[in-house]
Amino acid sequence: MSKRYLERGVSSQKEDVHKAIKNQDKGLFNNTFCKVVPDILSNDHKYCNVMHADGAGTKSALAYLYWKETGDISVWRGIAQDALIMNIDDLICVGITDNIIMSSTIGRNKHIIPGEVISQIIEGNNDIINMLKAYDINITSAGGETADVGDITRTIIVDSTVIGREKREKIVRCNIKGGDIIIGLSSSGRAKYEKEFNSGIGSNGLTSARHDILSNIYSQKYPETYAKETNKNFIYCGKRLLTDNCVSHENIGKLLLSPTRTYAPLIKRLLVNHFKNISGIIHCTGGGQTKVLHFCENKKIIKNDLFEIPEIFKIIYEDTNSSLKEMYEVFNMGHRMEIYCDSGIADDIINIANEFQIEAKIIGFVEESSKNSLIIQSEKETIEY
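Residues numbered from 1 in each chain as written. Predicted model: local features only at pLDDT ≥ 70, side-chain atom pairs only at ≥ 80, totals over all residues. Heavy atoms only, no water.

Caption draft 1: Structural context of the overall build of the protein. Within the protein, the regular secondary structure consists of 12 helices and 12 strands. Taken against the 2.2 N^0.38 rule, which gives 21 Å for 385 residues, the C-alpha radius of gyration of the protein at 20 Å falls within 12% of a compact globule. Projected onto its principal axes, the C-alpha positions of the protein cover 55 × 50 × 45 Å. Evaluated residue by residue, the protein yields a buried proportion of 56% over its 385 residues. Excluding contacts between residues fewer than 6 apart, the proportion of contacts in the protein whose partners are at least 24 apart in sequence is 83%. Looking at the protein as shown, the accessible area adds up to about 16900 Å², and 45% of this sits on carbon and sulfur atoms. Taken as two groups, the 46 positive and 50 negative side-chain charges of the protein have centres that lie 2 Å from each other. (Helix = DSSP H or I, 4+ residues; strand = E, 2+ residues; numbered from the N terminus. Rg over C-alpha atoms; globule rule 2.2 N^0.38 Å. Buried < 20%, exposed > 50% of the residue type's maximum accessible area, 1.4 Å probe, protein only. Contact = heavy atoms within 4.5 Å. Areas by Shrake-Rupley, 256 points an atom, 1.4 Å probe, with all protein chains shown as cover. Lys, Arg positive; Asp, Glu negative; His and termini not counted. Charge placed at Lys NZ, Arg CZ, Asp CG, Glu CD.)

Rendered as structure tokens:
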């Protein structure tokens, strides 16, 4: 990883986290995208529970910047979506697509984050819950906690926790095998259930994206948006303003703040039709395109026909000295969900995705190997991990 990325106190691979939990109980199954535990809620041995916690991360600092610069408070609704969908789309990777309970956790610096922002976040949660309900994905809000913690939170952090219950036999396990194909689901475009074009950025790598492409003018105006311990050479060291023009969105700020796409309606339909023929579902979040390496063993993953790189990632790549190898392990680079499956169901999966106006295609395949490895054949070079 580049010095620049690590200097900001972040890591795409979260090595320390993986080291800390490597000896922890893995739950009912050894290899699922989320930890699956016995049905503590109802004590039914046929069922299991899955709980997951995640959030919008430093994208909330970007929303703060945009709100302060433009006065557009509505961007906080998108942050609510980011926090919830980063959880929901992990749950769907293990097959939980309905009857989910969520709790929202917000920590704010009350000196600079007023109640109006909290209202926008709550309304944003309601927006995405109602949208998913229209596709028979029922999410019940169980309230949450909003804490005024200015001593430890510089602006605001927006997180969610979700829990679901499902039959053990319906859980999707990661059993990726040689001969599987990989179907990628595009992260950009406008899905049937989205109100506007999605840049594909999701909620990963925003620390890097924000500092690498935005102007140093923001470091002077908003010192509350970064850690004072960070080397000043790595703080807002780009050349662009939030209000600069771009191709697919109103401006650069909206391009970066594009709410995280959910694949839940599509995955729910897919599991009804093809549950038995799916070897694994991978949400390409932390670790980007290398995420799958945590969920397979002795496999060679070859991704040789990826999507065209969306505008936002082209901008980040062109504005920085990042290598493509780093880009692919920080960002999703064009698809944020992968289906590992038998080739015989590929056409139907792609057709289902098209019904939701989400581009999908076969992006690669899996081979048996003596060790785990990943090969990405990009437009410019072949990258090995």
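More follows now that the structure is in view.
Caption draft 2: Main features of the sheet that holds strand β8 (residues 299-303). Pairing is mixed across the open sheet formed by 7 strands, whose spatial order is β7-β9-β6-β10-β8-β11-β12. Edge positions in the sheet fall to β7 (278-283) and β12 (382-384), since each of these pairs with one other strand and no more. Direction aside, the axes of adjacent strands within the sheet are offset by 20° on average. The strands touched by helix α9 (residues 264-274) are β6 (181-186), β7 and β9 (335-341); relative to β7, the strand with the most contacts, the crossing angle is about 170°. Packing of helix α12 (residues 346-355) onto the sheet brings it into contact with β6, β9 and β10 (360-368), and relative to β10 it is tilted by some 145°. (Pairing = 2+ DSSP bridges. Axes fitted to C-alpha atoms, helices over the stretch in contact; angles between N-to-C directions.)

Caption draft 3: Region of the structure containing helix α6 (residues 206-213). Of all 8 residues making up α6, 8 are buried, and the element is well covered by its neighbours. Within α6 the residues assigned to the buried category are L206, T207, S208, A209, R210, H211, D212 and I213.

Caption draft 4: Quick peek at the nonpolar core. If you look at the biggest cluster of nonpolar residues, it comprises 113 residues, and the most contacted ones within it are W76, I183, L185, L214 and I267. Among the elements that take part in this core, helix α4 (residues 75-91) stands out by supplying 9 residues, more than any other. Apart from residues lying up to four places away in sequence, W76 is in contact with S60, A63, Y64, W67, V117, Q120, I121 and I156. (Core = buried A, V, L, I, M, F, W, Y, C linked by side-chain atoms within 4.5 Å.)

Caption draft 5: Spotlight on the pattern of salt bridges. Enumeration over the complete set of coordinates arrives at 20 salt bridges. K239 serves as the salt-bridge partner of D319, at 4.0 Å between the closest nitrogen and oxygen. Of this pair, D319 sits in helix α10 (residues 311-319) while K239 sits in the loop between α7 (217-221) and α8 (252-257); the two residues are 80 residues apart in sequence, bridging distant segments of the chain. Across the pair D305 and K361 runs a salt bridge, and its minimum N-O distance is 3.4 Å. Of the two residues, D305 is situated in the loop between β8 and α10 and K361 in strand β10; the sequence distance between them amounts to 56 residues. When its relative accessible area of 39% is taken as the criterion, D305 is described as partly exposed. (Salt bridge = Lys/Arg side-chain N within 4 Å of Asp/Glu carboxyl O.)

Caption draft 6: The arrangement of the sheet that holds strand β3 (residues 100-108) in detail. Pairing is mixed in the open sheet, where 5 strands are placed in the order β1-β2-β5-β3-β4. Either end of the sheet is taken by a strand with one partner, and the two such strands are β1 (37-38) and β4 (139-148). Examined bridge by bridge, strand β2 (residues 47-55) and strand β5 (residues 156-167) share 9 bridges and lie antiparallel to one another. Looking at β5, one finds that G55 is bridged to D159.

Caption draft 7: Examining the environment of I79 more closely. With respect to the helices, strands and loops of the structure, I79 is situated in helix α4. Among the residues examined, I79 registers a relative accessible area of 0% and is labelled buried. In the structure, I79 is positioned 18 residues away from A61 in sequence and 10.0 Å away in space, judged by C-alpha atoms. If we ignore the near neighbours within four places in the chain, the residues touching I79 are A56, K59, S60, A63, V158 and L257.

Caption draft 8: Spatial organisation of unusual backbone geometry. Positive phi outside glycine occurs at N43, with the angle close to 55°. Looking at the secondary structure, you find N43 in the loop between β1 and β2. Note on N43: relative accessible area 71%, which makes it exposed.

Caption draft 9: Representation of the packing of aromatic side chains within the structure. Enumeration according to the criterion identifies 10 aromatic pairs in this entry. Seen in terms of ring centroids, Y226 and Y236 are 6.2 Å apart; in terms of plane orientation they differ by 80°. Their pairing is edge-to-face. In this pair, Y226 sits in the loop between α7 and α8 while Y236 sits in the loop between α7 and α8, placing the two residues 10 residues apart along the sequence. The pair formed by Y226 and Y236 is uniform in burial state, with each residue classed as buried. A ring pair is formed by F313 and F331, whose centres lie 5.6 Å apart and whose planes are at 45°; its orientation type is tilted. Placement of the pair is F313 in helix α10 and F331 in the loop between α11 (324-330) and β9, with a sequence separation of 18 residues. This pair shows no difference in class: F313 is buried, exactly as F331 is. (Phe/Tyr/Trp six-rings, centres within 6.5 Å; stacked < 30°, edge-to-face > 60°.)

Caption draft 10: Geometry of the side chain of H52. With respect to the secondary-structure elements, H52 resides in strand β2. Within the local environment of H52, its side chain forms a polar contact with the side chain of D90, the two groups lying 2.7 Å apart. For H52, the residues in contact, after removing those within four places along its chain, are C34, M86, N87, D90, L91, S160, T161 and V162. (Polar contact = N/O pair within 3.5 Å; in protein donor to acceptor, adjacent residues only side chain to side chain.)

Caption draft 11: Examining the side chain of D82 more closely. Looking at where D82 falls in the secondary structure, it is placed in helix α4. The exposure class of D82 is buried, given its relative accessible area of 0%. Dropping the residues within four chain positions of it, D82 is found in contact with G55, A56, K59, G202, S203, S258, P259 and T260.

That is the geometry; function is a separate question.
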